[in-house]
Amino acid sequence: MIPSSFSYTAPSTLDEALKVLNELGDEAKILAGGHSLIPMMKLRFAEPEHLVDLNNIPGLSYINIEDGTLNIGAMTRESEMEESGDVQQHFPIFLDAAKLIADPQVRNFGTIGGNIAHGDAANDHPAVMIALGAEVEITGTGGKRTVGIDDFFYGFYATAVEDGEILTEIRVPVPSGKFGNAYHKTERKVGDYATGGVAVQIELDDSGTCTRAGIGLTNVNPTPLRATRSEEALVGTKVTAAEIEAAGQMAAEDCNPSDDLRGDADYKRRVIKALTKRMITKALERANS
Ligand SMILES: Cc1cc2nc3c(=O)[nH]c(=O)nc-3n(C[C@H](O)[C@H](O)[C@H](O)COP(=O)(O)OP(=O)(O)OC[C@H]3O[C@@H](n4cnc5c(N)ncnc54)[C@H](O)[C@@H]3O)c2cc1C
């Protein structure tokens, strides 16, 4: 299909992009990797009158750890996450997710900022960011503001990024103690969106007691979902088989999947239960390795 007509601008600075976005208001859409937006435009689910391309703006793509925080520039590509030493060492969860996202072509272009800003509960990074307790930096003409991930997704394809603003950075705390993380999803075929997915981070003190658990669920709720009761079932425990079983059961009970071509709601709840148990176990193994 062919998208409806639109104008296109590719500013070379962040200030210029913000100025254009403010002038154009809600008739403009930001173009990052284009791998969610362009398909939607071709299907005419999105018909923006103007595209503001961020690809010519330097300084929006980086991965570094500073002062106990992993900083990810919004225009960082999926494939750059796969190649980062910091990510490989501390956050293998991103590698788990990346290898399940589409194919190398999509991963070479799709950005981490775009994956989150799209606000799609079927995307994999929202659940990962929930598990990791990330925060998001949003820049507007008035300056920068920071939004915790739990306040970022607030509706179907709706996020805290307002018209005239740009998501510029994602920040992930690097825990000071032992920690491990893992992500997996089931898919109908290689490269498909999740039937259901589970992201887990487990943090432990020296005695092996869980001090924090983060559990995010993919594509089983209108918005990316935190499995709060499952997290609470783990914190303060040694994360034994009994707690893992309880956390899996709670995640299955607390998600809100719908019947669709990927399976019925009951099947998806069983997927979430199995994956929650497996990902807690894997995150724990990584924390202790
Ligand atoms: C065949 C195929 C399979 C895919 N499978 C998966 C999958 O399994 N899992 C998965 O997670 N993803 C999947 N994707 C989506 C892919 O990961 C996208 O690249 C990603 O979701 C969006 O990133 P993008 O950089 O391409 O964003 P774009 O498509 O450019 O933008 C997406 C939306 O976010 C907005 N936006 C982008 N960047 C910013 C910013 N910095 N600030 C504010 N708003 C912004 C845009 O205006 C637009 O509304 C797939 C895509 C394709 C084509």
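So, here's what we can say about the structure. (Residues numbered from 1 in each chain as written. Predicted model: local features only at pLDDT ≥ 70, side-chain atom pairs only at ≥ 80, totals over all residues. Heavy atoms only, no water.)

Some words on helix α1 (residues 14–24)
Because the α-helix completes a turn every 3.6 residues, residues three or four places apart line up on one side. Regarding α1, the residues found buried are Leu 14, Ala 17, Leu 18, Val 20 and Leu 21. Summarising the axial view, the buried residues of α1 lie within an arc of 165°, below the 170-degree limit, and thus occupy one face. Those residues of α1 that are exposed and aimed more than 90 degrees away from the buried face are Asp 15, Lys 19 and Glu 23. Residues of α1 that are buried in the fold lie against β1 (7–9), β2 (28–31), β3 (50–53), β6 (135–140) and β10 (166–173). (Buried < 20%, exposed > 50% of the residue type's maximum accessible area, 1.4 Å probe, protein only. Helix = DSSP H or I, 4+ residues; strand = E, 2+ residues; numbered from the N terminus. Arc of directions from axis to C-beta. Contact = heavy atoms within 4.5 Å.)

Topic: the site of the ligand
Residues in close proximity to the ligand total 30 residues, the closest being Ile 30, Gly 34, Leu 37, Thr 111 and Asp 124. Ile 30 is positioned such that a nitrogen or oxygen atom in its backbone is 2.6 Å from an oxygen atom of the ligand. Residue Ala 32 places a main-chain N or O atom 2.8 Å away from an oxygen atom belonging to the ligand. In the complex, the protein chains occlude 91% of the 970 Å² of accessible area that the ligand would expose alone. Sorting the residues of the shell around the ligand by element identifies β2, α7 (112–117) and β10 as the ones contributing at least two each. Its residues placed into classes, the shell around the ligand shows 15 nonpolar, 11 polar and 4 charged. (Near = heavy atom within 4 Å. Polar contact = N/O pair within 3.5 Å; in protein donor to acceptor, adjacent residues only side chain to side chain. Areas by Shrake-Rupley, 256 points an atom, 1.4 Å probe, with all protein chains shown as cover. Nonpolar A, V, L, I, M, F, W, Y, C, P; charged D, E, K, R; others polar.)

Description of unusual backbone geometry
One non-glycine residue, Asn 219, lies in positive phi territory at about 65°. Locating Asn 219 in the fold gives a position in the loop between β13 (210–218) and β14 (225–226). One non-glycine residue, Val 239, lies in positive phi territory at about 55°.

Regarding the pairing of strand β5 (residues 69–73)
Taking burial as the measure, the 5 residues of β5 include 5 buried ones, the bulk of the element. Side chains Thr 69, Asn 71 and Gly 73 of β5 all project onto a buried face; the interleaved residues Leu 70 and Ile 72 project onto the opposite face, where all are buried too. Where strand β4 (residues 63–66) folds back on β5, the antiparallel hairpin that results is connected by 2 residues, among which Asp 67 adopts a positive phi of roughly 50°. Summarising the sheet, β5 and β10 pair through 5 bridges and their orientation is antiparallel. (Pairing = 2+ DSSP bridges.)

Let's talk about the environment of Pro 222
Examined against the element boundaries, Pro 222 turns out to sit in the loop between β13 and β14. Taking C-alpha positions, Pro 222 is 14 Å from Asp 124, a pair spaced 98 residues apart along the chain. Aside from chain neighbours lying at most four places away, what touches Pro 222 is Ala 121 and Phe 156.

A word on the pattern of salt bridges
As enumerated under the stated definition, the model contains 20 salt bridges in all. Its salt-bridge partner being Arg 229, residue Glu 253 comes within 2.8 Å of it at the nearest N-O pair. Here Glu 253, found in helix α10 (residues 241–254), pairs with Arg 229, found in helix α9 (residues 228–234); they are 24 residues apart in sequence, far enough to count as distant. A residue is classified by how much of its surface remains accessible, and Glu 253, at 43% relative accessible area, is partly exposed. Owing to a relative accessible area of 35%, Arg 229 belongs among the partly exposed residues under this scheme. Notably, a salt bridge pairs Asp 266 with Arg 270, separated by 3.3 Å at the nearest N-O pair. Residue Asp 266 and its partner Arg 270 are both found in helix α11 (residues 265–288); the two are separated by 4 residues, about one turn of the helix. Assessed through its relative accessible area of 47%, Asp 266 is described here as partly exposed. The exposure class of Arg 270 is exposed, given its relative accessible area of 51%. When salt bridges that share partners are traced, they join Glu 135, Glu 137, Lys 144, Glu 169 and Arg 171 into one network. (Salt bridge = Lys/Arg side-chain N within 4 Å of Asp/Glu carboxyl O.)

Section: the environment of Thr 228
Along the polypeptide, Thr 228 turns up in helix α9. What makes Thr 228 partly exposed here is its relative accessible area of 37%. Along the backbone, Thr 228 and Leu 132 are 96 residues apart, and their C-alpha atoms lie at a distance of 13 Å.

Points about the sheet that holds β3
Pairing is parallel across the open sheet formed by 3 strands, whose spatial order is β1-β3-β2. Across the chains shown, the open sheet's two edge strands, defined by having one partner strand only, are β1 and β2. Along the sheet, successive strands turn relative to each other by an average axial angle of 25°, direction set aside. Direction of pairing for β1 relative to β3: parallel, over a ladder of 3 bridges. Paired with Ser 7 across the strands is His 50, a residue of β3. Sitting on the sheet, α1 touches β1, β2 and β3, and the angle it makes with β3 is about 165°. (Axes fitted to C-alpha atoms, helices over the stretch in contact; angles between N-to-C directions.)

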